[in-house]
Amino acid sequence: MLLTCLILALLTCVASPLITKVLGRNAGWVLALPLLGAALLATSAFADAARSGSADSSGSPVVAQWVPWMPTVDVGLGLRLDGLALVFTLLVLVIGALIMVYSTRYLEPGGKHGTFYLLMTGFAAAMLALVLADDLIVLYVAWEATTLCSFFLIARSGAGAREPAIRTLLVTVTGGLLLLAAVTVMIIATGTTRLSEILVDPVWSVNGALTTSVAVLIALAAFTKSAQFPFQAWLPDSMVAITPVSAYLHAAAMVKAGIYLLLRFSPVFADVSVWNVMLVTAGLVTALFGAIAALRRYDLKELLAYSTMSQLGLLVTMIGIGTPEALKAAVIHTIAHALFKSALFMIIGVIDHSAHTRDIRELAPVRLRMPVTATAMGLAAASMAGVPPLLGFVSKETMLKAFLDAPGPVWVPWVVTAAAAVASIFTFAYSARLVLGAFGGRADRSKDSHHVVREVSPAFWGAPALGAASGLVLGVTPFLLDELVTVGATAAAGEEVAAHFALWHGLVPELFVSLTVIALGTVLVLARHRVHRAMEPYDFPMSGLDVVDTAREQTIRLGGVVGGWTGSIAPRRHLSIPAVALIAIAAIAVLTIDDLPAVVDDPSDPLDWVLVVLIACGVVAMMQAKTLIAAIVVTGVVGFGMTVWFLQLGATDVAITQLLVEILTVCVMVLLLRRLPTTFEKTPPRKHVLPLLVAGGAGLATTVGVWALTGRREMSPASEYYLTEGYIETGGTNLVNTILVDFRALDTLGELTILGVVGLTIAALLRARKPSPERSANIQDHSPLIDARDNTVFVRTAAKLLAPIIVAGSLVLLLRGHYEPGGGFIAALVGGAGFALAYLAAPSDRSARVQMPYLLLIGLGVAVGVGTGFLGYLDGSFLRPLHPEIFEYQTTTALVFDVGVYLAVIGVILASFNLLGRPHANTPATTPTTPRNSDEVNTR
């Protein structure tokens, strides 16, 4: 059922461009339906779980679904719907549906709105995945997906939206990195990715340092998403986005992701003092800062942005208190806030759309004859101000009770309640400023008597009016929320919490605090002009946006400095840093390791020393080489020596790979020879001293590491498993290949994707930046070497015979790779060698090209790899190999995966040869004495 909800949201996202193309802005009507359908499915699933008695350790009903990706390591798509997830699921889907309906009238008719609906529905799917995730990896991916959707939705809002979008992205991505660190630590500490198991793991009670570290990381990550001090500046900055985006992402959904994260981890960290102090302090500071800043704004939307920040601060404070009563207050205020704040943003959009301004000063002389819109705004603002009988009053009463009963020293309840009361007084004041700023102005008939704005269509004001009316209905009948808040607070508290809401609880302390707030707030409203004049000269000493911009500039500057250390074509510069790091690691190991285990078995062999001498000779010869050709030759000696060494050690697949890489490297160098100097630049001997010392130190460190680590342990459990179970599990006898395409296929898929990106990068760079011009051949006209066709007779004759055989042999290696040395990568290198022979034998650049779409081959290779992964779901998980019998012959889908590797590698090789071998635009043609055709004019 949960997977159906998520798939329904994802299909909505996928179908949105087509629906928008057909219906235009009216696509919102259709796109709202599957979101409401998913909400109904989730509610039904939760009700079934409650009836069946399925509950977690806290007593909250729960629906769980696990779709494994890789069962052997317990990684998969884990979904879990408990009371807390249900609350946020309904907010995401129901508010999202209202926004979709609202957008049908807000967006301009005839415009191109495909990307808007695509990103909005994509955001809804990402938020749904976030709140349903029972796997930390899924949760993190969904968290980052909401960040990206927010960035693109802000960035598409006009020319002035670029910088705010970047600033928002920088802050929220910082939170994503903090969350990634927390996720990594939690997975390592608990040994699982299952969120439900992590939350009840005993490690939290026995490892205080771990608990504190993760609590800090989670809190900071949530602060960036929910605009809490000191990360609050991005929220008002993001108001450049259009109103539907602000109403959904930055009022009702995205900013609630941080609140959800804090509530989700509250059972673990509620008693951690650092967690409590961070949340209460940051929450109260943000609440006061946002409330005061809102009173100084003329832009109604900006005022709402600061008010959102303030309300989120109060929510964070409640979670920081951590008591069941406080968490109950946080859950109901989350619901109330989503209703009144989304309604207010949509109403501001209605006013802005109708009056073409949302500035209080410009609205003052305008007559807004919009009774329904004004009523809806009044109800939503009154709920935000905490005026009875609205839902905001009920949630504020619950919040004040929680603050008055806060645990800790005797002064804590007084300080927290006083700060919250002050923020609530300002909340009352800016709520009134919002309504009066929009509808309280007096029309100056002598100046603009004809400027009258009339009510919009019901389709426009219907969605915000429904949200505002819901606050009134639920305020009068708050008991309707008892069950929903009970299960939500129970899941957040980790213990059973009972919610019984009512407008009247008697003459209790929180009632008197509320009356004080309303009374002092009314005074501020009556004296609003004097208050504003008193506050106007003062400004905050620093801007959060300036801090973000400064951090961004300094980061770019630091990147330039660091890049300058290695940004050189001189190997001695960009290789020195990793070499020095290797030396440092070896030095630390020598100083810290007291004793090494004894050698289990002497791994040395007399042939080893012969190969060491051969390789050393190659290195010395390389150092003495004067020309580029000589350097290529002696480098090949080192590479072929390593190939023989791998063969002698029994690593046949590795040896074949090394051999083929050496061959293809020489082929690529041949393409570049005429574009490079013939000799090396002469440098004084003193400049060789430091590189020689660094290289020697790195070599010594490597030697020490090999000596210290080789042969000092028995066969590892993983090796034993592969040797004993590899054939049984995969049917393959080539363990190297089965590890790559069966056991660790996900790693190989990642490498395949990286290879594809490298191929695209090569193509982009070589197309954007032309190669250096070729050097003149400097060959006399009478020399036979001047004619490319005569000079390649032998190679061309051999290539006609050998190239097809080599390519055919590569296909044989591909097919036998599961059982004998071979596989997709080795086969592709062999096939690439066949194409390389054809290139080297060709008399000209144009005739050498293989007319194959190399970029398409790269894309097909990655697509085949991913598609093979989805085939694994037929047997339970992503990339699980299947072993069907075809004509009584046992096959495996791992072979199809290897085909993807083969195609991608061939594509990269062809891209390199096609693009590196082409002539430079400014290269003068070297014309032979008697050219046979125009193709031969520009020779290799």
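Computed from a predicted model, the values in this text were never measured in an experiment.

Right, let's get into the side chain of Q228. Within the secondary structure layout, Q228 lies in the loop between α9 (208-225) and α10 (234-237). For Q228, the residues in contact, after removing those within four places along its chain, are F223, A282, G283, T286, M309, L312, G313 and V316.

What follows concerns the state of the cysteines. Enumeration according to the criterion identifies zero disulfides in this entry. Between C149, a free cysteine, and C13, which holds the nearest cysteine sulfur, the sulfur-to-sulfur gap is 7.3 Å. Classification of C149 by relative accessible area gives buried; the value is 11%.

The next point concerns the packing of aromatic side chains. Under the counting rule described, the total for this entry stands at 14 aromatic pairs. Taking 5.1 Å as the distance between ring centres and 65° as the angle between the ring planes, the aromatic pair formed by F116 and Y117 counts as edge-to-face. For the pair F116 and Y117, a shared accessibility class is recorded, and that class is buried. Ring pairs connect the aromatic residues W204, F265, F269 and W275, which therefore count as one cluster. The ring of Y298 carries the charged tip of R361 above its face, separated from the ring centre by 3.9 Å. Here R433 stacks its cationic end above the ring of Y298, 5.3 Å away from the centre of that ring.

Here we come to the packing of helix α14 (residues 300-321) against helix α15 (residues 324-355). Two quantities define a packed helix pair, namely the angle between the helix axes and the distance between the axes. Contact geometry for α14 and α15: axes closest at 9 Å, N-to-C directions at 175°. The angle between the axes of α14 and α15 places the two elements in the roughly antiparallel class. Together, L300, K301, L304, A305, S307, T308, Q311, L315, M318, I319 and I321 of α14 and A326, L327, A329, A330, H333, T334, H337, F340, K341, L344, F345 and I348 of α15 make up the contact between the two elements. Split into classes, the residues belonging to the contact of α14 with α15 amount to 15 nonpolar, six polar and two charged.

Quick look at the pattern of salt bridges now. In total, this model carries 15 salt bridges according to the counting rule given. Measuring nitrogen to oxygen at the nearest pair gives 2.7 Å for the salt bridge that ties R264 to D82. With R264 in helix α12 (residues 254-269) and D82 in the loop between β2 (75-81) and α3 (83-106), the pair connects residues that are 182 residues apart, well separated along the chain. No difference in accessibility class separates R264 from D82, as the two residues are buried. Linking D299 and R358 is a salt bridge whose minimum nitrogen-to-oxygen distance equals 2.8 Å. Of the two residues, D299 is situated in the loop between α13 (273-294) and α14 and R358 in the loop between α15 and α16 (360-363); the sequence distance between them amounts to 59 residues.

This paragraph deals with the side chain of T20. Among the structural elements, T20 can be located in helix α1 (residues 2-23). Exposure remark for T20: the relative accessible area of 6% places this residue in the buried category. Separated by 2.6 Å, the side chain of T20 and the backbone oxygen of S16 make a polar contact. Residues contacting T20, with those up to four places away along its chain left out, are A27, H113, G114 and Y117.

What follows deals with the packing of helix α5 (residues 136-155) against α9. The N-to-C vectors of α5 and α9 enclose an angle of 25°; their axes lie 12 Å apart at closest approach. The angle between α5 and α9 places the two elements in the roughly parallel class. With respect to the hand of their crossing, α5 and α9 are arranged in left-handed fashion. Contacts from W143, T146 and T147 in α5 reach A221, A222 and K225 in α9. Residues belonging to the contact of α5 with α9 are distributed by class as follows: three nonpolar, two polar and one charged.

For the peptide bond that leads from F229 to P230, omega is 5°, which places it in the cis range. Counting through the fold element by element, P230 comes out in the loop between α9 and α10. Along the chain, P388 connects to P389 via a cis peptide bond; the corresponding omega equals 5°. The topology assignment puts P389 in the loop between α17 (371-385) and α18 (391-404). One non-glycine residue, A227, adopts positive backbone phi at about 55°. Relative to the helices and strands, A227 is located in the loop between α9 and α10. In the Ramachandran plot, L879 falls in the positive-phi region, its phi being about 70° despite a non-glycine side chain. By secondary structure assignment, the location of L879 is in the loop between α39 (854-871) and β5 (885-886).

Attention now moves to the nonpolar core. If you look at the biggest cluster of nonpolar residues, it comprises 201 residues, and the most contacted ones within it are I218, Y248, F265, F269 and W275. With 20 residues, α15 is the single largest residue contributor to this core. Excluding residues that lie within four positions of it along the chain, F269 makes contacts with W204, T211, V214, A215, I218, W275 and N276. Grouped together as the second largest cluster of nonpolar side chains are 39 residues, L660, L879, L915 and L916 included.

The rules behind these values
Residues numbered from 1 in each chain as written. Predicted model: local features only at pLDDT ≥ 70, side-chain atom pairs only at ≥ 80, totals over all residues. Heavy atoms only, no water. Helix = DSSP H or I, 4+ residues; strand = E, 2+ residues; numbered from the N terminus. Contact = heavy atoms within 4.5 Å. Disulfide = S-S within 2.5 Å. Buried < 20%, exposed > 50% of the residue type's maximum accessible area, 1.4 Å probe, protein only. Phe/Tyr/Trp six-rings, centres within 6.5 Å; stacked < 30°, edge-to-face > 60°. Lys NZ or Arg CZ within 6 Å of the ring centre and 35° of its normal. Axes fitted to C-alpha atoms, helices over the stretch in contact; angles between N-to-C directions. Parallel < 35°, antiparallel > 145°, perpendicular 65-115°, else oblique. Nonpolar A, V, L, I, M, F, W, Y, C, P; charged D, E, K, R; others polar. Salt bridge = Lys/Arg side-chain N within 4 Å of Asp/Glu carboxyl O. Polar contact = N/O pair within 3.5 Å; in protein donor to acceptor, adjacent residues only side chain to side chain. Left-handed = near helix turned anticlockwise from the far one by under 90°. Core = buried A, V, L, I, M, F, W, Y, C linked by side-chain atoms within 4.5 Å.

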